[in-house]
Amino acid sequence: MAYQVKAGAEAYRLEGNNGYGVLLIHGFTGAPGELRPLADYLHALGYTVLGVRLPGHGTCIEDLEQTTADDWYAEAAKGMEKLIQEFGENVYVAGLSMGGLLTMRTAASFKVKAAAILSAPVFLPDKRLPFYPILKFFIRYLPKSKKNYGDMMKYNLSYDKMPTKPLGSLFKMMDKCKAQYMGKIKCPVIVLQSTVEHTVVPKSAQYIYDHVGSKTEEKKLIWLHKSGHIISLDVERELAFKEIADFFASFA
């Protein structure tokens with residue numbers, strides 16, 4: 001069944017003029033819009049920005065139930081391939097939350113200039129997590145808390161619930177990031193993480209920083225102290241955007 005994409009949840013492409021392309025990857029249950037403020041910031045600096053919409057997202061939760069991590073990665077890889085066809089090696093990738101996991105897999109699989117990983121989950125606070133893959137047989141959806149990001153809420157079109165069926169696939173991707181993808185990443189990497197959010201255990205960021213295969217002088221870890229999980233919509237977003245842009249520019 002083909003599901004209709006909600007208004008505002010579409011993929012987008014912003015044409016730049018500096019000869020560089022950036023792939024942006026949103027998070028689980030989210031939509032491309034949650035990274036649109038970052039896209040606009042980078043576009044204003046001349047980058048061509050492609051914000052992909054991952055399968056099952058931006059439509060309805062029943063659509064997401066039928067997808068897996070391989071489906072999500074396939075869409076991210078397709079976006080990266082498009083940018084490489086146009087810009088060659090002059091491409092970057094950035095992702096939020098699950099999109100950060102997909103960013104790691106993308107950076108491990110393609111030759112990119114640099115990668116930005118925002119709020120990526122390596123450790124999660126919920127003690128019930130080991131049981132989630134079997135919850136799909138008993139509980140179809142789990143409730144989600146949704147922070148109010150004020151006037152930036154217009155960009156937050158995430159689902160209000162989380163389907164349990166895809167969680168096993170998501171957790172396997174987390175494990176693969178730790179066991180396979182991180183060590184294969186050789187490009188420069190900037191990791192951004194809030195110390196006060198509740199979706200991801202903050203030590204995830206330190207783990208990523210410590211285990212990616214990038215050279216020490218080509219890694220950077222930025223801690224934010226006032227933001228929720230969706231850094232790109234919260235009060236420190238401009239600081240985060242500048243850090244990412246400056247990092248990308250230093251490896252242009």
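A. Helix 8 (residues 237–250), seen in detail. Over its 14 residues, helix 8 extends 20 Å from the first C-alpha to the last, a length consistent with the 20 Å expected when each residue adds 1.5 Å. Those residues of helix 8 that fall on the buried side of the exposure criterion are Ala240, Phe241, Glu243, Ile244, Ala245, Phe247 and Phe248. As for helix 8, its buried residues are in contact with strand 2 (21–25), helix 1 (36–44), strand 4 (91–96), strand 5 (114–118), strand 8 (189–194) and strand 9 (219–224).

B. A look at the sheet that holds strand 9. With mixed pairing, 7 strands are arranged side by side in an open sheet as 1-3-2-4-5-8-9. Only two strands of the sheet have a single neighbouring strand rather than two, namely strand 1 (12–14) and strand 9. The average angle at which neighbouring strand axes cross in this sheet is 15°, direction not considered. Bridge count between strand 2 and strand 3 (residues 48–52): 5 bridges; the pairing is parallel. Looking across to strand 3, one finds that Val22 is bridged to Val49. Across the sheet, helix 1 lies against strand 1, strand 2 and strand 3, angled at about 20° from strand 1, the strand it touches most. The sheet strands contacting helix 8 are strand 2, strand 4, strand 5, strand 8 and strand 9, and the helix crosses strand 5 at an angle near 160°.

C. Layout of helix 7 (residues 203–211). Of the positions making up helix 7, those classed as buried are Ser204, Ala205, Ile208 and Tyr209. Down the axis of helix 7, the sector holding all buried residues measures 135°, keeping them to one side. Where the residues of helix 7 are buried, they touch helix 4 (98–109), strand 5, helix 6 (167–184), strand 8 and strand 9.

D. Region of the structure containing a nonpolar patch on the surface. Nonpolar side chains collect at one region of the surface, where Phe131, Ile134, Phe137, Phe138 and Ile139 lie side by side and expose about 600 Å² of accessible area between them. Its location among the elements puts Phe138 in the loop between helix 5 (132–135) and strand 6 (141–143).

E. Here's a closer look at the packing of helix 1 against helix 8. Contact geometry for helix 1 and helix 8: axes closest at 10 Å, N-to-C directions at 50°. What the angle tells us is that helix 1 and helix 8 run oblique. Taken as a pair, helix 1 and helix 8 cross one another with a handedness that is right-handed. Across the interface between the two elements, Pro37, Leu38, Tyr41 and Leu42 from helix 1 touch Glu238, Phe241, Lys242, Ile244 and Ala245 from helix 8. Considered class by class, the residues forming the contact of helix 1 with helix 8 number 7 nonpolar, no polar and 2 charged.

What counts and what doesn't
- Think of each chain on its own: its residues are numbered from 1, step by step along the sequence as written.
- Predicted model: local features are reported for residues with pLDDT of at least 70 only, side-chain atom pairs are reported and counted for 80 or more only, and whole-chain, interface and lining totals are derived from all residues.
- The side-chain values count all of the structure's non-hydrogen atoms but skip hydrogen atoms and water molecules.
- Strands are runs of DSSP state E lasting at least 2 residues, helices are runs of H or I lasting at least 4, and numbering of each runs from the N terminus.
- Multiplying 1.5 Å by the helix residue count minus one yields the expected span of that helix.
- To sort residues, take the accessible area from a 1.4 Å probe on protein chains only and compare it with the maximum for the residue type: under 20% means buried, over 50% means exposed, and anything in between is partly exposed.
- Residue contacts are counted whenever heavy atoms from the two residues lie within 4.5 Å of one another.
- A pair of strands is considered paired only if DSSP assigns at least 2 bridges between the two.
- Think of each axis as a best-fit line through the C-alpha atoms, taken over the contacting stretch in the case of a helix, with angles from 0 to 180 degrees between the N-to-C directions.
- The reported arc concerns the directions from the helix axis to the C-beta atoms and nothing else.
- Residues enter patches when they are more than 30% accessible in relative terms and free of salt bridges; like-charged ones are connected within 9 Å and nonpolar ones (Val, Leu, Ile, Met, Phe, Trp, Tyr) within 5 Å.
- The method behind every accessible area is Shrake-Rupley, applied with a 1.4 Å probe, and residues are considered shielded solely by the protein chains displayed.
- A side-chain nitrogen of Lys or Arg and a carboxyl oxygen of Asp or Glu constitute a salt bridge if their distance falls within 4 Å.
- With respect to orientation, any angle under 35 degrees is reported as roughly parallel, any angle over 145 as roughly antiparallel, any angle of 65 to 115 as roughly perpendicular, and every other angle as oblique.
- Put simply, a crossing is left-handed when the front helix is turned counterclockwise from the back one by less than a right angle, and right-handed when it is turned clockwise.
- Note on residue categories: nonpolar means Ala, Val, Leu, Ile, Met, Phe, Trp, Tyr, Cys or Pro, charged means Asp, Glu, Lys or Arg, and polar means any other residue, Gly included.

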